[in-house]
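Structural overview for review
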Amino acid sequence: MSALQRIRADFAGKRIAILGLGREGLALARLFSSLGFLLLLSDDRPLEELPQEVRQFGDLGAQIKCGGLSLEALKCDSCFVSPGIPLSHPVVARVATRGIELWNEPRFFLRYCPAETVIGVTGSSGKSTTASLIAAALRGTGRRVYLGGNIGRPLVGELAHLQAEDAVVLELSSFQLQLFKESPKVAVITNIAPNHLDRHADMAEYIAAKANVFRHQREGGAVVLNADQEVSRQLAACAPGTVSWFSCFGSVPSGAWLKGDELVLADGTPLCRASELKLRGQHNLANALAAAAACDLVGVPPEAIARGLTSFTGLPHRLELVECIDGVSWYNDSIATTPERSIAAMHAFNEPILLLAGGRDKHLPWEAWAEEAKEHALGVVAFGEAGDMIAALLRARAVPVQRVRGLRDAVHLARNLAPPGCVVLLSPGCASYDEFRDFEDRGEAFRALVRSLRT
Ligand code: UMA
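Residues numbered from 1 in each chain as written. Predicted model: local features only at pLDDT ≥ 70, side-chain atom pairs only at ≥ 80, totals over all residues.

**A look at the packing of helix α12 (residues 339-347) against helix α13 (residues 367-376)**
To keep it simple, the criterion reads: To obtain each axis, a line is fitted to C-alpha atoms, and for helices this fit is confined to the stretch in contact; angles are then taken between N-to-C directions over 0 to 180 degrees. In DSSP terms, a helix is any run of H or I states spanning at least four residues, a strand is any run of E spanning at least two, and both are numbered starting from the N terminus. In this scheme, roughly parallel covers angles under 35 degrees and roughly antiparallel covers those over 145, while 65 to 115 is roughly perpendicular and the rest are oblique. We call a crossing left-handed when the near helix sits turned anticlockwise from the far one by less than a right angle, and right-handed when that turn is clockwise. What counts as a contact here is a pair of residues whose C-beta atoms, placed from the backbone, lie within 7 Å.
Interhelical geometry of α12 versus α13 gives an angle of 20° and a closest axis separation of 9 Å. In terms of orientation, α12 lies roughly parallel with respect to α13. Considering how the two elements wind past one another, α12 and α13 form a crossing that is left-handed. Contacts from Pro339, Ser342, Ile343 and Met346 of α12 reach α13 at Ala368, Trp369, Glu372 and His376.

Structure follows, in C-alpha coordinates:
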(Lines give C-alpha, C1' and ligand atoms only; values in the text may rest on other atoms or scores of the structure.)
Protein backbone atom coordinates (compact mmCIF):
# COMPACT_ATOMS: atom_id res chain seq x y z
CA MET A 1 0.00 0.00 0.00
CA SER A 2 1.21 3.52 -0.74
CA ALA A 3 1.56 6.10 2.05
CA LEU A 4 -1.62 7.88 0.97
CA GLN A 5 -3.60 4.62 0.85
CA ARG A 6 -2.42 3.81 4.38
CA ILE A 7 -3.50 7.25 5.61
CA ARG A 8 -6.92 6.85 3.97
CA ALA A 9 -7.35 3.45 5.60
CA ASP A 10 -6.15 4.45 9.08
CA PHE A 11 -8.13 7.69 9.26
CA ALA A 12 -11.24 6.51 7.39
CA GLY A 13 -14.38 8.14 8.79
CA LYS A 14 -12.41 10.20 11.31
CA ARG A 15 -12.89 13.90 11.89
CA ILE A 16 -9.59 15.73 12.13
CA ALA A 17 -8.80 18.89 14.08
CA ILE A 18 -5.80 20.98 13.07
CA LEU A 19 -4.86 23.49 15.78
CA GLY A 20 -2.45 26.21 14.68
CA LEU A 21 -2.40 27.28 11.05
CA GLY A 22 1.26 28.01 10.43
CA ARG A 23 3.57 26.07 8.12
CA GLU A 24 2.79 22.68 9.65
CA GLY A 25 -0.96 23.22 10.06
CA LEU A 26 -1.38 24.39 6.47
CA ALA A 27 0.72 21.54 5.07
CA LEU A 28 -1.50 19.06 6.95
CA ALA A 29 -4.68 20.84 5.84
CA ARG A 30 -3.54 20.60 2.19
CA LEU A 31 -2.88 16.89 2.49
CA PHE A 32 -6.05 15.94 4.40
CA SER A 33 -8.23 18.19 2.30
CA SER A 34 -6.86 16.61 -0.92
CA LEU A 35 -7.79 13.21 0.55
CA GLY A 36 -11.35 14.40 1.24
CA PHE A 37 -11.30 14.34 5.06
CA LEU A 38 -13.65 16.34 7.32
CA LEU A 39 -11.53 19.05 8.91
CA LEU A 40 -11.70 21.55 11.73
CA LEU A 41 -9.08 24.31 11.30
CA SER A 42 -8.52 26.56 14.29
CA ASP A 43 -6.06 29.22 15.46
CA ASP A 44 -5.81 31.71 18.30
CA ARG A 45 -5.20 34.46 15.76
CA PRO A 46 -8.19 36.03 14.00
CA LEU A 47 -8.89 34.95 10.43
CA GLU A 48 -7.80 38.36 9.03
CA GLU A 49 -4.27 37.78 10.35
CA LEU A 50 -3.96 34.33 8.79
CA PRO A 51 -2.92 33.51 5.21
CA GLN A 52 -5.63 33.80 2.55
CA GLU A 53 -5.28 30.07 1.91
CA VAL A 54 -7.16 29.32 5.16
CA ARG A 55 -10.38 30.69 3.64
CA GLN A 56 -9.98 28.41 0.61
CA PHE A 57 -10.19 25.37 2.90
CA GLY A 58 -13.50 26.81 4.12
CA ASP A 59 -14.75 26.85 0.53
CA LEU A 60 -13.78 23.17 0.31
CA GLY A 61 -15.95 22.32 3.33
CA ALA A 62 -13.59 22.62 6.28
CA GLN A 63 -14.95 24.18 9.46
CA ILE A 64 -12.86 27.28 10.26
CA LYS A 65 -12.76 28.63 13.82
CA CYS A 66 -10.25 31.40 14.42
CA GLY A 67 -9.65 34.11 17.04
CA GLY A 68 -9.29 31.39 19.74
CA LEU A 69 -8.62 27.66 19.58
CA SER A 70 -12.01 26.00 19.28
CA LEU A 71 -13.52 23.51 21.74
CA GLU A 72 -15.09 21.91 18.65
CA ALA A 73 -11.79 19.97 18.69
CA LEU A 74 -13.32 17.91 21.51
CA LYS A 75 -15.73 16.45 18.94
CA CYS A 76 -12.89 15.28 16.66
CA ASP A 77 -11.20 11.87 16.57
CA SER A 78 -7.60 13.02 15.99
CA CYS A 79 -6.05 16.35 16.86
CA PHE A 80 -2.94 17.86 15.25
CA VAL A 81 -1.18 20.52 17.33
CA SER A 82 1.35 23.05 15.97
CA PRO A 83 4.67 23.07 17.84
CA GLY A 84 4.16 26.73 18.74
CA ILE A 85 1.11 25.82 20.86
CA PRO A 86 2.03 24.64 24.37
CA LEU A 87 0.46 21.33 25.38
CA SER A 88 -0.70 23.20 28.49
CA HIS A 89 -2.95 25.42 26.32
CA PRO A 90 -6.42 25.04 27.94
CA VAL A 91 -8.01 23.71 24.73
CA VAL A 92 -5.19 21.23 24.01
CA ALA A 93 -5.18 20.07 27.64
CA ARG A 94 -8.94 19.38 27.46
CA VAL A 95 -8.54 17.48 24.18
CA ALA A 96 -5.80 15.34 25.80
CA THR A 97 -7.88 14.53 28.90
CA ARG A 98 -10.73 13.41 26.61
CA GLY A 99 -8.38 10.70 25.29
CA ILE A 100 -8.28 12.14 21.76
CA GLU A 101 -4.94 11.28 20.20
CA LEU A 102 -2.55 14.21 19.80
CA TRP A 103 -0.41 14.34 16.68
CA ASN A 104 1.85 16.78 14.99
CA GLU A 105 3.13 17.01 11.45
CA PRO A 106 6.58 15.36 11.83
CA ARG A 107 5.19 12.51 13.96
CA PHE A 108 2.58 11.85 11.29
CA PHE A 109 5.15 12.13 8.51
CA LEU A 110 7.42 9.62 10.22
CA ARG A 111 4.55 7.13 10.66
CA TYR A 112 3.77 7.12 6.93
CA CYS A 113 7.18 7.88 5.38
CA PRO A 114 8.11 5.07 2.95
CA ALA A 115 11.84 5.96 2.78
CA GLU A 116 14.09 3.35 4.38
CA THR A 117 16.77 5.86 5.38
CA VAL A 118 15.35 8.38 7.82
CA ILE A 119 17.72 10.34 10.05
CA GLY A 120 16.20 12.47 12.82
CA VAL A 121 18.41 15.26 14.16
CA THR A 122 17.79 17.10 17.39
CA GLY A 123 19.82 18.98 20.02
CA SER A 124 19.80 22.33 21.77
CA SER A 125 21.95 23.87 19.07
CA GLY A 126 23.48 22.86 15.76
CA LYS A 127 20.49 20.81 14.58
CA SER A 128 19.91 22.69 11.32
CA THR A 129 23.61 22.80 10.44
CA THR A 130 24.13 19.12 11.27
CA ALA A 131 21.01 18.08 9.35
CA SER A 132 22.17 20.16 6.36
CA LEU A 133 25.67 18.64 6.47
CA ILE A 134 24.17 15.12 6.51
CA ALA A 135 21.91 16.01 3.59
CA ALA A 136 24.87 17.45 1.64
CA ALA A 137 26.89 14.25 2.13
CA LEU A 138 23.95 12.02 1.21
CA ARG A 139 23.27 14.04 -1.95
CA GLY A 140 26.87 13.37 -2.98
CA THR A 141 25.98 9.68 -3.26
CA GLY A 142 23.45 10.48 -6.00
CA ARG A 143 20.40 9.66 -3.86
CA ARG A 144 17.27 11.79 -3.75
CA VAL A 145 17.38 13.52 -0.36
CA TYR A 146 14.53 15.29 1.46
CA LEU A 147 15.64 17.72 4.17
CA GLY A 148 12.85 19.12 6.36
CA GLY A 149 11.19 19.44 9.77
CA ASN A 150 12.03 22.19 12.24
CA ILE A 151 14.48 23.62 9.72
CA GLY A 152 11.36 25.22 8.22
CA ARG A 153 9.98 22.74 5.74
CA PRO A 154 7.17 20.34 6.64
CA LEU A 155 7.50 17.18 4.55
CA VAL A 156 3.95 15.70 4.63
CA GLY A 157 3.33 17.11 1.17
CA GLU A 158 6.12 14.85 -0.14
CA LEU A 159 4.52 11.61 1.08
CA ALA A 160 2.98 11.10 -2.35
CA HIS A 161 6.39 11.25 -4.09
CA LEU A 162 8.77 9.57 -1.63
CA GLN A 163 10.23 6.19 -2.59
CA ALA A 164 11.79 3.49 -0.41
CA GLU A 165 15.28 4.26 -1.79
CA ASP A 166 15.10 7.99 -1.01
CA ALA A 167 16.77 9.43 2.09
CA VAL A 168 15.11 11.77 4.58
CA VAL A 169 16.83 14.07 7.06
CA LEU A 170 14.40 15.44 9.59
CA GLU A 171 15.32 18.21 12.02
CA LEU A 172 13.23 17.83 15.17
CA SER A 173 12.63 20.26 18.06
CA SER A 174 11.70 19.31 21.61
CA PHE A 175 8.21 20.74 20.99
CA GLN A 176 7.75 18.35 18.09
CA LEU A 177 9.38 15.37 19.83
CA GLN A 178 7.13 15.75 22.88
CA LEU A 179 4.35 13.92 21.04
CA PHE A 180 6.49 11.21 19.40
CA LYS A 181 5.63 7.58 20.00
CA GLU A 182 7.94 6.31 17.27
CA SER A 183 11.55 7.24 16.53
CA PRO A 184 13.48 7.50 13.28
CA LYS A 185 15.75 4.56 12.52
CA VAL A 186 18.84 6.74 12.90
CA ALA A 187 18.88 9.59 15.42
CA VAL A 188 21.38 12.32 16.28
CA ILE A 189 21.49 14.48 19.40
CA THR A 190 24.02 17.23 18.79
CA ASN A 191 24.13 18.47 22.41
CA ILE A 192 21.91 19.30 25.35
CA ALA A 193 21.88 22.66 27.14
CA PRO A 194 19.10 24.62 28.86
CA ASN A 195 16.56 25.88 26.29
CA HIS A 196 12.81 26.52 26.06
CA LEU A 197 12.40 26.42 29.83
CA ASP A 198 9.52 28.85 29.38
CA ARG A 199 7.66 25.95 27.69
CA HIS A 200 9.02 22.83 29.38
CA ALA A 201 8.36 22.36 33.11
CA ASP A 202 12.06 21.73 33.81
CA MET A 203 15.30 20.35 32.32
CA ALA A 204 14.18 16.76 32.96
CA GLU A 205 11.07 17.25 30.80
CA TYR A 206 13.13 18.95 28.08
CA ILE A 207 15.69 16.11 28.01
CA ALA A 208 12.91 13.49 28.02
CA ALA A 209 11.38 15.17 24.95
CA LYS A 210 14.77 15.16 23.18
CA ALA A 211 15.31 11.50 24.06
CA ASN A 212 12.13 10.60 22.14
CA VAL A 213 14.27 10.93 19.01
CA PHE A 214 15.70 7.46 19.80
CA ARG A 215 13.70 6.07 22.77
CA HIS A 216 11.14 4.27 20.56
CA GLN A 217 13.64 2.78 18.13
CA ARG A 218 13.30 -0.89 17.31
CA GLU A 219 15.98 -3.42 16.48
CA GLY A 220 18.39 -1.99 13.95
CA GLY A 221 18.00 1.54 15.32
CA ALA A 222 21.04 3.69 16.12
CA VAL A 223 21.71 6.98 17.85
CA VAL A 224 24.67 9.35 17.56
CA LEU A 225 25.52 11.04 20.87
CA ASN A 226 27.97 13.71 21.99
CA ALA A 227 30.80 12.01 23.91
CA ASP A 228 32.05 15.39 25.18
CA GLN A 229 28.97 16.05 27.33
CA GLU A 230 28.09 14.21 30.53
CA VAL A 231 24.35 14.79 30.06
CA SER A 232 24.51 13.27 26.55
CA ARG A 233 26.68 10.33 27.65
CA GLN A 234 24.07 9.44 30.26
CA LEU A 235 21.42 9.07 27.55
CA ALA A 236 23.27 6.04 26.14
CA ALA A 237 21.86 3.94 29.00
CA CYS A 238 18.31 4.26 27.64
CA ALA A 239 19.15 3.64 23.95
CA PRO A 240 17.29 0.56 22.66
CA GLY A 241 19.57 0.28 19.58
CA THR A 242 23.28 0.82 18.99
CA VAL A 243 25.11 3.98 20.09
CA SER A 244 27.64 5.83 17.99
CA TRP A 245 29.63 8.82 19.22
CA PHE A 246 31.38 12.01 18.16
CA SER A 247 34.06 13.89 20.05
CA CYS A 248 36.30 16.93 19.59
CA PHE A 249 38.57 15.77 22.41
CA GLY A 250 39.28 12.05 22.20
CA SER A 251 38.83 8.81 20.29
CA VAL A 252 35.45 7.05 20.20
CA PRO A 253 34.59 3.31 19.91
CA SER A 254 32.35 4.01 16.89
CA GLY A 255 31.45 7.23 15.09
CA ALA A 256 33.81 10.14 14.37
CA TRP A 257 36.35 12.27 16.25
CA LEU A 258 38.92 14.99 15.89
CA LYS A 259 42.45 13.60 15.73
CA GLY A 260 44.75 16.62 15.88
CA ASP A 261 43.59 18.75 12.98
CA GLU A 262 41.88 15.88 11.19
CA LEU A 263 38.30 14.62 11.29
CA VAL A 264 38.46 10.82 11.28
CA LEU A 265 36.08 7.87 11.62
CA ALA A 266 36.42 5.63 14.67
CA ASP A 267 38.50 3.09 12.72
CA GLY A 268 40.99 5.83 11.81
CA THR A 269 39.76 6.48 8.25
CA PRO A 270 40.60 10.15 7.56
CA LEU A 271 37.81 12.41 6.27
CA CYS A 272 39.21 15.95 6.00
CA ARG A 273 41.15 18.60 7.88
CA ALA A 274 39.32 20.96 10.26
CA SER A 275 40.74 23.87 8.24
CA GLU A 276 38.96 22.57 5.11
CA LEU A 277 35.53 23.18 6.66
CA LYS A 278 33.98 26.45 5.51
CA LEU A 279 32.09 26.85 8.79
CA ARG A 280 33.60 28.86 11.66
CA GLY A 281 33.85 27.83 15.30
CA GLN A 282 34.47 24.82 17.47
CA HIS A 283 30.71 24.16 17.68
CA ASN A 284 30.64 23.64 13.92
CA LEU A 285 33.49 21.16 14.18
CA ALA A 286 31.29 19.20 16.59
CA ASN A 287 28.36 19.48 14.16
CA ALA A 288 30.54 18.16 11.32
CA LEU A 289 31.67 15.19 13.42
CA ALA A 290 28.06 14.41 14.42
CA ALA A 291 27.07 14.51 10.74
CA ALA A 292 30.00 12.27 9.80
CA ALA A 293 29.02 9.68 12.44
CA ALA A 294 25.40 9.64 11.18
CA CYS A 295 26.46 9.33 7.55
CA ASP A 296 28.81 6.48 8.43
CA LEU A 297 25.91 4.65 10.11
CA VAL A 298 23.83 4.75 6.92
CA GLY A 299 26.71 3.64 4.72
CA VAL A 300 27.81 6.91 3.07
CA PRO A 301 31.39 6.29 1.82
CA PRO A 302 34.13 8.35 3.56
CA GLU A 303 34.93 10.33 0.36
CA ALA A 304 31.28 11.41 0.03
CA ILE A 305 31.17 12.37 3.73
CA ALA A 306 34.31 14.47 3.27
CA ARG A 307 32.92 16.15 0.13
CA GLY A 308 29.67 16.99 1.93
CA LEU A 309 31.45 18.44 4.97
CA THR A 310 33.95 20.55 3.05
CA SER A 311 31.55 21.90 0.41
CA PHE A 312 28.88 23.18 2.81
CA THR A 313 29.04 26.94 3.22
CA GLY A 314 26.51 27.47 6.01
CA LEU A 315 22.91 28.51 6.59
CA PRO A 316 21.36 31.96 6.81
CA HIS A 317 21.19 33.56 10.28
CA ARG A 318 23.96 31.31 11.63
CA LEU A 319 27.23 33.25 11.89
CA GLU A 320 26.34 34.68 8.50
CA LEU A 321 28.64 37.43 7.24
CA VAL A 322 26.33 40.23 6.07
CA GLU A 323 28.67 43.09 5.12
CA CYS A 324 32.14 44.53 5.70
CA ILE A 325 31.79 48.28 6.06
CA ASP A 326 34.80 50.54 6.77
CA GLY A 327 36.80 47.62 8.16
CA VAL A 328 33.97 46.39 10.40
CA SER A 329 32.51 42.93 9.71
CA TRP A 330 28.81 42.55 10.53
CA TYR A 331 27.65 39.02 11.40
CA ASN A 332 24.07 37.78 11.67
CA ASP A 333 23.69 35.00 14.24
CA SER A 334 19.99 35.60 14.91
CA ILE A 335 19.53 31.82 15.41
CA ALA A 336 21.26 32.24 18.79
CA THR A 337 18.13 32.36 20.93
CA THR A 338 19.90 31.07 24.05
CA PRO A 339 22.89 32.42 26.04
CA GLU A 340 24.65 29.10 25.34
CA ARG A 341 24.52 29.68 21.58
CA SER A 342 25.67 33.25 21.97
CA ILE A 343 28.70 31.94 23.90
CA ALA A 344 29.48 29.51 21.05
CA ALA A 345 29.32 32.42 18.60
CA MET A 346 31.74 34.53 20.67
CA HIS A 347 34.19 31.60 20.59
CA ALA A 348 34.11 31.55 16.79
CA PHE A 349 36.06 34.83 16.45
CA ASN A 350 39.61 35.93 17.18
CA GLU A 351 38.81 39.54 16.29
CA PRO A 352 37.48 42.00 18.93
CA ILE A 353 33.67 41.66 19.17
CA LEU A 354 30.98 44.24 19.73
CA LEU A 355 28.02 42.09 20.72
CA LEU A 356 24.35 42.90 20.15
CA ALA A 357 22.27 40.93 22.68
CA GLY A 358 18.67 40.96 23.88
CA GLY A 359 15.07 40.20 22.98
CA ARG A 360 12.74 37.98 25.02
CA ASP A 361 14.43 35.86 27.68
CA LYS A 362 13.36 32.22 27.92
CA HIS A 363 14.03 31.95 31.69
CA LEU A 364 17.54 30.68 31.07
CA PRO A 365 20.71 31.12 33.17
CA TRP A 366 22.86 34.09 32.02
CA GLU A 367 25.78 34.10 34.48
CA ALA A 368 28.15 32.04 32.29
CA TRP A 369 27.26 34.19 29.27
CA ALA A 370 28.14 37.38 31.18
CA GLU A 371 31.53 35.89 32.16
CA GLU A 372 32.23 35.00 28.51
CA ALA A 373 31.19 38.46 27.36
CA LYS A 374 33.69 39.91 29.84
CA GLU A 375 36.37 37.71 28.29
CA HIS A 376 35.52 38.02 24.59
CA ALA A 377 33.57 41.24 23.93
CA LEU A 378 34.96 44.74 23.87
CA GLY A 379 31.43 45.90 24.59
CA VAL A 380 27.76 44.96 24.42
CA VAL A 381 24.69 46.77 23.12
CA ALA A 382 21.69 45.38 25.04
CA PHE A 383 18.21 45.71 23.52
CA GLY A 384 14.63 44.49 23.84
CA GLU A 385 12.71 43.15 26.84
CA ALA A 386 15.77 41.46 28.35
CA GLY A 387 17.95 44.56 27.85
CA ASP A 388 17.83 45.73 31.49
CA MET A 389 18.59 42.28 32.87
CA ILE A 390 21.55 41.86 30.51
CA ALA A 391 22.88 45.37 31.18
CA ALA A 392 22.72 44.83 34.96
CA LEU A 393 24.67 41.56 34.73
CA LEU A 394 27.37 43.19 32.62
CA ARG A 395 27.66 46.35 34.71
CA ALA A 396 28.21 44.14 37.77
CA ARG A 397 31.27 42.79 35.92
CA ALA A 398 32.45 46.16 34.64
CA VAL A 399 31.81 45.17 31.00
CA PRO A 400 31.05 48.25 28.84
CA VAL A 401 27.34 48.06 27.97
CA GLN A 402 24.78 50.42 26.52
CA ARG A 403 21.05 49.85 26.72
CA VAL A 404 18.83 50.74 23.76
CA ARG A 405 15.20 50.00 22.92
CA GLY A 406 15.17 47.75 19.88
CA LEU A 407 17.33 46.21 17.16
CA ARG A 408 17.27 49.30 14.92
CA ASP A 409 18.75 51.46 17.70
CA ALA A 410 21.26 48.72 18.51
CA VAL A 411 22.56 48.65 14.92
CA HIS A 412 22.82 52.43 14.68
CA LEU A 413 24.66 52.70 18.00
CA ALA A 414 27.01 49.85 16.98
CA ARG A 415 27.83 51.75 13.79
CA ASN A 416 29.21 54.59 15.92
CA LEU A 417 30.94 52.41 18.50
CA ALA A 418 32.67 49.73 16.38
CA PRO A 419 36.34 50.43 15.56
CA PRO A 420 37.86 49.16 12.26
CA GLY A 421 38.99 45.53 12.51
CA CYS A 422 36.13 44.70 14.86
CA VAL A 423 33.27 42.25 14.39
CA VAL A 424 29.73 43.42 15.16
CA LEU A 425 27.93 40.26 16.12
CA LEU A 426 24.16 39.94 16.46
CA SER A 427 24.02 36.83 18.64
CA PRO A 428 21.18 37.85 20.90
CA GLY A 429 20.85 34.92 23.33
CA CYS A 430 17.10 35.55 23.47
CA ALA A 431 13.95 34.74 21.52
CA SER A 432 12.80 37.42 19.10
CA TYR A 433 9.08 37.54 19.85
CA ASP A 434 9.10 40.88 21.71
CA GLU A 435 9.92 42.63 18.43
CA PHE A 436 9.76 40.13 15.54
CA ARG A 437 7.77 37.20 14.17
CA ASP A 438 10.65 34.78 14.67
CA PHE A 439 14.45 34.56 14.53
CA GLU A 440 14.40 34.62 10.71
CA ASP A 441 12.36 37.81 10.67
CA ARG A 442 14.88 39.33 13.14
CA GLY A 443 17.84 38.17 11.03
CA GLU A 444 16.31 39.63 7.88
CA ALA A 445 15.62 42.93 9.66
CA PHE A 446 19.27 42.97 10.82
CA ARG A 447 20.55 42.34 7.30
CA ALA A 448 18.40 45.17 5.94
CA LEU A 449 19.50 47.57 8.71
CA VAL A 450 23.17 46.75 8.14
CA ARG A 451 22.89 47.14 4.35
CA SER A 452 21.16 50.49 4.84
CA LEU A 453 24.32 51.69 6.63
CA ARG A 454 26.08 51.67 3.26
CA THR A 455 23.72 54.21 1.73
N1 UMA B 1 -0.76 29.50 17.70
C2 UMA B 1 -1.94 29.47 18.40
N3 UMA B 1 -1.86 29.45 19.76
C4 UMA B 1 -0.68 29.44 20.43
C5 UMA B 1 0.52 29.46 19.70
C6 UMA B 1 0.45 29.50 18.31
O7 UMA B 1 -3.02 29.46 17.84
O8 UMA B 1 -0.68 29.41 21.67
C9 UMA B 1 -0.84 29.56 16.23
C10 UMA B 1 -0.19 30.77 15.65
O11 UMA B 1 -1.12 31.85 15.63
C12 UMA B 1 0.22 30.32 14.26
C13 UMA B 1 0.21 28.81 14.36
O14 UMA B 1 -0.14 28.47 15.70
O15 UMA B 1 -0.73 30.72 13.30
C16 UMA B 1 1.48 28.12 14.00
O17 UMA B 1 2.48 28.43 14.88
P18 UMA B 1 3.88 27.68 14.92
O19 UMA B 1 4.80 28.68 15.50
O20 UMA B 1 3.75 26.37 15.55
O21 UMA B 1 4.22 27.62 13.37
P22 UMA B 1 4.70 26.80 12.15
O23 UMA B 1 4.75 27.82 11.09
O24 UMA B 1 3.92 25.58 11.91
O25 UMA B 1 6.23 26.46 12.52
C26 UMA B 1 6.59 25.26 13.17
C27 UMA B 1 7.82 25.54 14.05
N28 UMA B 1 7.50 26.60 15.03
C29 UMA B 1 7.77 26.46 16.33
O30 UMA B 1 8.29 25.49 16.80
C31 UMA B 1 7.41 27.61 17.23
C32 UMA B 1 8.97 25.98 13.15
O33 UMA B 1 10.15 26.09 13.96
C34 UMA B 1 9.25 24.92 12.10
O35 UMA B 1 10.25 25.38 11.22
C36 UMA B 1 7.97 24.62 11.31
O37 UMA B 1 6.91 24.26 12.20
C38 UMA B 1 8.16 23.44 10.35
O39 UMA B 1 8.30 22.24 11.07
C40 UMA B 1 10.56 27.45 14.23
C41 UMA B 1 11.15 27.54 15.62
O42 UMA B 1 11.31 28.64 16.14
C43 UMA B 1 11.60 27.91 13.22
N44 UMA B 1 11.49 26.40 16.28
C45 UMA B 1 12.05 26.40 17.60
C46 UMA B 1 13.57 26.41 17.55
O47 UMA B 1 14.14 26.04 16.53
O48 UMA B 1 14.17 26.77 18.61
C49 UMA B 1 11.60 25.12 18.34
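**Topic: the site of the ligand**
Spelled out, the test is: As used in this record, a residue near a molecule or strand is one whose C-beta atom, placed from the backbone, is within 6 Å of it. Three categories are distinguished: nonpolar for Ala, Val, Leu, Ile, Met, Phe, Trp, Tyr, Cys and Pro, charged for Asp, Glu, Lys and Arg, and polar for the others, with Gly belonging to the last. Domain start and stop points were drawn from an automatic or database domain assignment.
In the neighbourhood of the ligand, 23 residues make up the surrounding shell, with Gly20, Gly22, Asp44, Ser82 and Gly84 lying closest. In terms of residue count, helix α2 (residues 23-34) provides more of the shell around the ligand than any other element does, three residues in total. Partitioning the shell around the ligand into residue classes produces six nonpolar, eleven polar and six charged. In terms of domain composition, the shell around the ligand takes at least three residues from each of domain 1 (13-103) and domain 2 (107-311).

**Examining helix α16 (residues 439-452)**
Let me state the cut-off plainly: Each helix should span, by expectation, one fewer than its residue count multiplied by 1.5 Å.
Relative to the 20 Å expected for 14 residues at 1.5 Å per residue, α16 spans 20 Å between its end C-alpha atoms, a close match to the ideal helical length. Close packing links the buried residues of α16 with β15 (320-325), β16 (328-332), α15 (407-417) and β20 (423-426).

**Some points on the sheet that holds strand β3 (residues 63-66)**
Put simply, the rule is: Two strands qualify as a pair provided DSSP detects at least 2 bridges between them.
Taken in spatial order, the five strands line up as β3-β2-β1-β4-β5 in an open sheet, and their pairing is parallel. Two strands in the sheet have a free side with no partner beyond their single neighbour: β3 and β5 (101-103). When the angles between neighbouring strand axes are averaged without regard to direction, this sheet yields 20°.

**Observations regarding the nonpolar core**
Quick note on the threshold: Put simply, a nonpolar core is a cluster of buried Ala, Val, Leu, Ile, Met, Phe, Trp, Tyr and Cys residues tied together by C-beta atoms within 7 Å. Exposed residues have 12 or fewer other C-beta atoms within 10 Å of their own C-beta, buried residues have 20 or more, and residues in between are partly exposed; the C-beta atoms are placed from the backbone.
Ranked by internal contacts, the top residues of the largest apolar core, which has 99 residues, are Ile134, Val169, Phe246, Leu289, Ala292, Ala294 and Leu309. The greatest single-element share of this core, amounting to ten residues, is contributed by helix α10 (residues 282-297). When residues no more than four places from it in sequence are discounted, the contact partners of alanine 294 are Ile119, Ile134, Val186, Val188 and Val224. Counting residues in each nonpolar core, the second largest holds 51 residues, with Ile343, Leu355, Val401 and Val404 among its members.

**What to know about unusual backbone geometry**
Phi at histidine 363 takes a positive value of approximately 60°, unusual for a residue other than glycine. Take histidine 363: it is sitting in the loop between β17 (353-358) and α13. Looking at histidine 363, the number of C-beta atoms within 10 Å reads 9, which means it is exposed. The phi angle at alanine 398 is positive, at roughly 60°, despite the residue not being glycine. With respect to the helices and strands, the residue alanine 398 is situated in the loop between α14 (387-395) and β19 (401-403). Classification of alanine 398 by C-beta neighbours within 10 Å gives exposed; the count is 8.

**Re the sheet that holds β17**
An order of β15-β16-β20-β17-β18-β19 is seen for the six strands of this open sheet, with the pairing classed as mixed. Only two strands of the sheet have a single partner each, and these edge strands are β15 and β19. For this sheet, the mean angle separating the axes of adjacent strands, direction not counted, is 20°. Here β16 runs beside β20; their pairing, made up of four bridges, is parallel. Bridged to serine 329 within β20 is valine 423. Sitting on the sheet, α14 is in contact with β17, β18 (377-383) and β19, with an inclination near 160° to β19. Sheet strands touched by α15: β17, β18, β19 and β20. Its angle to β18, the strand with the most contacts, is close to 155°.

Any link to function would need more than the numbers given here.
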